[in-house]
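If you want the building blocks of each chain, they are given just below.
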Amino acid sequence: MPSGSALVSLPRWIGALILYIHHRGNFDCNGRILHTYLVGLLVVLGLIILTLSAIVYVSAQGTITNPGPRRSIPVLVYLRALLYIPELVWACLGAVWVSDGKGCDPATVGAVIAAVIASWIILLFTGLGVVFVFDPLGNPRPQQAVMEPLGVREEGTQLFSTARSLATKVWESRLRLLCCCLPQDENYRAAFSSIAQLFSGFFSDTDLVPSDIAAGLALLHQEQDKMERSRDPDIVVALSPSSPTGGDLETELEKAAHCMQFAAAAYGWPLFIYSNPFTGPCKLSGDCCRSQAAEYEIVGGDNLGCHFSSILHSTGLQYRDFIYVSFHNQIYEIPFFVALDHKREAVLVAVRGTLSLKDVLTDLSAECEDLPVDGVSGASYGHKGISQAAGYIYKKLVNDGILNQAFSVAPEYKLVITGHSLGAGTASILAILLRNSFPNLQCYETLIKGFSQDIPNMEDLKRRILKIVSNCNKPKYRILLRGCWYELFGGEPDDFPTELQNRREEELSQPLVIHNSSSYQSLGSDDSPVHKATHLPLFPPGRILYITEDGPPRRHCFSQVKYQAEWASEATFMSILISPSMLGDHMPDIVLGALNRLINDKPFSMCTSSLSNS
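Residues numbered from 1 in each chain as written. Predicted model: local features only at pLDDT ≥ 70, side-chain atom pairs only at ≥ 80, totals over all residues. Heavy atoms only, no water.

**Student:** Help me understand the overall build of the protein chain in this model?
**Tutor:** Along the protein chain, the regular secondary structure elements total 20 helices and 11 strands. Every one of the 614 residues in the protein chain was classed for burial, and the buried ones make up 46%. Pairs at least 24 residues apart make up 74% of the contacts formed inside the protein chain by residues separated by at least 6 positions. Accessible surface, the protein chain as shown: approximately 30400 Å² in total, 59% of it carbon and sulfur. (Helix = DSSP H or I, 4+ residues; strand = E, 2+ residues; numbered from the N terminus. Buried < 20%, exposed > 50% of the residue type's maximum accessible area, 1.4 Å probe, protein only. Contact = heavy atoms within 4.5 Å. Areas by Shrake-Rupley, 256 points an atom, 1.4 Å probe, with all protein chains shown as cover.)

Here it is in C-alpha cells:
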C-alpha cells in the first residue's frame, strides 16, 4: 500500500511542478492565491513522497516473521497519518480559492481545478481503504514478558473472546458499508452477522497483512508447480468407486457439454454480451429497447427482454419451450429457468451462478447447515447459502406447480438439473431434495478446483500460507517481485530456502499466529487438509469428471490448447490450487469451450499462463 501511494503521489508532484513552471507568469490575478496553492501543494506532496519512500525502504527490510529491522515503521506510519491533515486542509482551501479565481487565465484555473479534483479523489480512496483494510482493534493481547518460541504469544481466553466479539462487529460494519445499496431487512442483517462471525473467526488467530498473504500465495503457487513437475507421469487421478470407465466417459462428456450450454444461458444478457462482444448488442438491441412484460408472461424479474432474448439465442429453443423463467434475485434467492429440452427429451432446470453482490453474500454464507434428506440416516449438512437457495427453488418448483405443469406437457420426459459455480452447488442440493419424487433425475454441475465454497478448504489454504511464509527467510519484496515475474513470464519455480537460517528468537518480536490456536498447531502438523479441521468438510456429490489442460503448463497467447478428462474421486478436490488463471478458468464460456473441444477432439485457441484445472 505505501508503494502504491508513492506511485500515485509522485506523478501528482511532477504534474504540479510542471503546472507551476508553465503558468508561473500567470498567477498575478486574485492576489496570487493560485500561486500560493501550487507552492503549498508541492511542499505537502514532497513531504508525503519522502515519508512514503522511507516507509517503502524500511518495510523491505527483514523477513515476514523477522520484523526487527522494521521497528521504525510505526513512527513513519504515524508521520504519514499526520500529513493527511495538511493534505486535507490544502484540498479544502484549493476548492475555495479556485471557485473565487475570477479574472484569472481560464487555462490556468482549469489546470488548478484538475489538481484540486485529483487531491479529493486520492483522499476519498484513501479513506475507503482505511475503512476496509485498517484494523481498529490493533493488538488486544498484552505483550509477554518472556520471549516465546518462534515469535508466538499466549492466548488469554477472556481477552481473546472480547477481541473476537469486537472483530465481528468491525466486519459487520464493513459489510453494511460495502452493501449500503442493498435492502437492510432482516435477511440481510442475519447474513451480515453470519458472514462477519465467519470472517472474524477465520482471521482472528493470525497476524498477517494483505502483502503477507500475497507473498504466501506466490510461494504456494510455485511450490505446487514444483510438485506437479516432479509428479510421476504414470500416476493417474484416483477413480471414484462409483465412476464408470471406458466409452461411458465420452457419453457423459457430451451430456455435460449440452447441459453446460443451458447453465451458461442462465446468466442472461451479461454473459451473452461478454461472449459475443461484436454481434451480441445487435442481436439483443431490439428486445432490450421495448417492454415485453405482456408478451413474456412466464418471465419474472428485471430487464426481462434482454435476459430472455439472450437465453433464446444461447439455447436455440423457442418461446413455447419455456415453462418458467425467473430473474428474481435476492440473498438466498437466485435466478433459474425451466424449459423443455426436446433434443434430450428432458424437463431441464438451469440455475444461474454468481453474478450480483447478492449472490456473493449467498456464497459467503458458508457455515454448515442441517440438510434434511429423506431416506438418509444420520445427520446431513450443506453450505448454508447454497442450501437456502436450493430450498427457495424447490418451493417454487413444487409448491407453485411448475414441475407439474412441465410434466403435464411432456409426461414421458426425464428431469435434468444443471448449474455453474453457485448454481452448480444449488443444483446438486436441489437434486438431492427432488430425488425421492424423481428417482431417475440427473444433475450436471460445473465447479473449478481452484475455487472452493468449503470452509475446511479455506482453512487448509490459510495453514499452508502460514507454514510457507513462516519458513521462508527471504525479504517480502523479493518474494513478491519474483512471484510477479513468475506469473507474467513463467520460468522455473523459485527454490526459496524453507529452513530458518541463523535466526534468533529474540529477533521475532512480532507474532505470526496466536499460541495454542488452530493455525499455530498447524505449523507443525501434517499437511492433510482435514487435519484438526474446526469445520465439517463438505464434498462434491456424485460422479466427478476431472478436466485438465493436456500439455506444458505454460503457453503463449493464442497457442493451441487441448484438454483431457478422467474420472476422479472427491479426495482430488480436498485442497485449493493457486493459479493466475483461476478467474478466467472459472468463466462459464471457458468451461463450455473446454467441454466442446473435448467432445470434438479439436484444439482450442486461447491465451493462458498456467495449467488450468476444471
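Structure's up, so let's keep going.
**Student:** I tried to follow the pattern of salt bridges on my own but got confused; where do I start?
**Tutor:** Two side chains of opposite charge can pair, provided their charged atoms sit close to one another. Going through the model one piece at a time under the given rule, you end up with 10 salt bridges. Put simply, Arg80 and Glu87 hold a salt bridge, and the shortest N to O gap is 3.5 Å. Judged on exposure class, the residue Arg80 and its partner Glu87 are both buried. Put simply, Arg12, Arg80 and Glu87 are held in one network by salt bridges that share partners. (Salt bridge = Lys/Arg side-chain N within 4 Å of Asp/Glu carboxyl O.)

**Student:** Looking at this model, I keep getting lost on the UniProt feature "transmembrane region" (unreviewed entry) in the protein chain. Mind explaining?
**Tutor:** Residues annotated in UniProt with the feature "transmembrane region" (unreviewed entry) correspond here to residues 6-22, 34-57, 77-98 and 110-134. Counting secondary structure, residues 34-57 comes out at 100% helix and 0% strand; the distance between its end C-alpha atoms is 34 Å. (UniProt positions renumbered as here; feature names shortened; annotations may be inferred.)

**Student:** What's the story with a nonpolar patch on the surface in this structure? I'm lost.
**Tutor:** A cluster of nonpolar side chains, namely Ile113, Ile117, Ile121, Leu124, Phe125 and Leu128, defines an oily patch on the protein surface of about 560 Å² accessible area. Owing to a relative accessible area of 52%, Leu124 belongs among the exposed residues under this scheme. (Patch = residues over 30% accessible without salt bridge, like charges linked within 9 Å, V, L, I, M, F, W, Y side chains within 5 Å.)

**Student:** Can you help me understand helix H15 (residues 422-434) in this one?
**Tutor:** Since the α-helix packs 3.6 residues into each turn, any two residues three or four apart lie on the same face. The terminal C-alpha atoms of H15, which comprises 13 residues, lie 18 Å apart, in line with the 18 Å expected from a rise of 1.5 Å per residue. Listing the buried residues of H15 in full gives Leu422, Gly423, Ala424, Gly425, Thr426, Ala427, Ser428, Ile429, Leu430, Ala431 and Leu434. Against strand E4 (346-351), helix H12 (357-364), helix H13 (384-399), helix H14 (402-409), strand E7 (414-420) and strand E8 (442-446) lie the buried residues of H15. (Expected span 1.5 Å × (residues − 1).)

**Student:** Please explain the packing of helix H7 (residues 210-230) against helix H16 (residues 455-471) as it appears in this structure.
**Tutor:** Two packed helices can be described by the angle between their axes and the distance between those axes. Between H7 and H16, the shortest axis-to-axis distance is 9 Å and the interhelical angle comes to 90°. Looking at the two axes, H7 sits roughly perpendicular to H16. Across the interface between the two elements, Asp212, Ile213, Gly216, Leu217, Leu219, Leu220 and Glu223 from H7 touch Leu461, Arg464, Ile465, Ile468 and Val469 from H16. Taken together, the residues of the contact of H7 with H16 sort by class into eight nonpolar, one polar and three charged. (Axes fitted to C-alpha atoms, helices over the stretch in contact; angles between N-to-C directions. Parallel < 35°, antiparallel > 145°, perpendicular 65-115°, else oblique. Nonpolar A, V, L, I, M, F, W, Y, C, P; charged D, E, K, R; others polar.)

**Student:** Please explain the side chain of Ser428 as it appears in this structure.
**Tutor:** Assignment of secondary structure puts Ser428 in helix H15. When near neighbours in sequence (up to four residues on either side) are disregarded, Ser428 contacts Cys443, Glu445 and Pro541.

**Student:** It is not clear to me how the packing of aromatic side chains should be interpreted in this structure. Could you clarify?
**Tutor:** Here the distance between the centres and the angle between the planes together describe a pair of aromatic rings. Inspection of the entire model under this criterion finds eight aromatic pairs. Here Phe308 and Phe322 contribute two aromatic rings whose centre-to-centre distance is 5.1 Å and whose plane-to-plane angle is 80°, an arrangement assigned as edge-to-face. One end of the pair, Phe308, is in helix H11 (residues 304-315); the other, Phe322, is in strand E2 (residues 322-326), with 14 residues separating them in the sequence. For Phe308, a relative accessible area of 0% puts it in the buried group. When the ring of Phe407 is compared with that of Phe438, the centres are 5.3 Å apart and the planes differ by 25°; the resulting orientation is stacked. Placement of the pair is Phe407 in helix H14 and Phe438 in the loop between H15 and E8, with a sequence separation of 31 residues. You can call Phe407 buried: its relative accessible area is 16%. According to the relative accessible area criterion, Phe438 is partly exposed, its value standing at 21%. In this arrangement the basic side chain of Arg80 is found over the ring face of Tyr84, its NZ or CZ atom lying 3.8 Å from the centre. Arg174 extends its terminal NZ or CZ atom over the ring of Trp171, reaching a point 4.7 Å from the ring centre. (Phe/Tyr/Trp six-rings, centres within 6.5 Å; stacked < 30°, edge-to-face > 60°. Lys NZ or Arg CZ within 6 Å of the ring centre and 35° of its normal.)

**Student:** Can you help me understand the nonpolar core in this one?
**Tutor:** A general trend in soluble globular proteins is that nonpolar side chains are found buried together. Met260, Phe322, Val325, Phe337 and Leu595 are the most contacted members of the largest nonpolar core, which has 36 residues in total. Counting only elements with at least two residues in this core, the list comes to helix H8 (248-265), H11, E2, strand E3 (336-341), E4, strand E10 (559-568) and helix H20 (588-600). By size, the runner-up hydrophobic cluster in this structure holds 30 residues, among which are Phe336, Leu340, Leu403 and Leu434. (Core = buried A, V, L, I, M, F, W, Y, C linked by side-chain atoms within 4.5 Å.)

**Student:** Mind showing me how you'd approach helix H17 (residues 476-489) here?
**Tutor:** A rise of 1.5 Å per residue sets the reference length of H17, with its 14 residues, at 20 Å; its end C-alpha atoms lie 20 Å apart and thus fit the reference within 8%. The secondary structure elements touched by the buried residues of H17 are H7. Immediately downstream of H17, the backbone of Gly490 shows phi near 75°, a positive value.

**Student:** Is there a simple way to think about the state of the cysteines in this case?
**Tutor:** Each disulfide consists of a covalent bond between the sulfur atoms of two cysteine residues. This structure, assessed with the given rule, holds zero disulfides. Take Cys181: it sits in no disulfide, and the sulfur closest to it among the cysteines is that of Cys180, at 5.5 Å. Given the relative accessible area of 62%, Cys181 is considered exposed. (Disulfide = S-S within 2.5 Å.)

**Student:** Sorry if this is basic, but what is going on with the environment of Leu592 here?
**Tutor:** With respect to the helices and strands, Leu592 occurs in helix H20. A sequence separation of 331 residues divides Leu592 from Gln261, and the C-alpha atoms of the two residues are 6.7 Å apart. Leaving out residues up to four positions away in the same chain, Leu592 has contacts with Ala257, Met260 and Gln261.

**Student:** It is not clear to me how the pairing of E8 should be interpreted in this structure. Could you clarify?
**Tutor:** In the case of a regular strand, side chains alternate between the two sheet surfaces. Pairing analysis gives five bridges linking E7 to E8, with the strands arranged parallel. Following the sheet pairing, Ile417 is matched in E8 by Cys443. At this point the chain moves from E7, through H15, to the parallel E8, and the crossover so formed is right-handed. (Pairing = 2+ DSSP bridges. Right-handed = clockwise from strand over helix to strand, strands pointing away.)

**Student:** Explain the packing of helix H6 (residues 186-203) against H12 here, please?
**Tutor:** Orientation of H6 relative to H12, taken along the N-to-C sense of each, is 50°, at an axis distance of 9 Å. On the basis of the axis angle, H6 is oblique to H12. At the point where H6 passes H12, the crossing takes the left-handed sense. Facing H6, whose interface residues are Tyr188, Phe192, Ile195, Leu198 and Phe199, H12 presents Lys358, Leu361 and Leu364. Its residues assigned to classes, the contact of H6 with H12 comprises seven nonpolar, no polar and one charged. (Left-handed = near helix turned anticlockwise from the far one by under 90°.)

**Student:** What is the right way to look at the pairing of E3 in this model?
**Tutor:** Of all the six residues making up E3, six are buried; the element is thus mostly covered by neighbouring parts of the structure. The alternating pattern of E3 places Phe336, Val338 and Leu340 on one face and Phe337, Ala339 and Asp341 on the opposite face, and all of these are buried. Sheet analysis places E2 next to E3, joined by four bridges and oriented antiparallel. Counterpart to Phe322 in the pairing with E3 is Ala339. When E3 meets E4, the two strands line up antiparallel, connected through six bridges. Across the sheet, residue Phe337 finds its bridge partner in E4, namely Ala350. The turn joining E3 and E4, which pair antiparallel and follow one another in sequence, is formed by four residues; a positive phi near 50° is taken by Glu345.

**Student:** Is there a simple way to think about the confidence of the model for the protein chain in this case?
**Tutor:** Any region with low pLDDT has predicted coordinates that should not be read closely. Mean pLDDT over the protein chain stands at 77; residues scoring 70 or higher make up 73%. Note that pLDDT drops below 50 for residues 498-510; the model gives that stretch 28 contacts with residues more than four away or on any other chain. (pLDDT = per-residue confidence, 0-100.)

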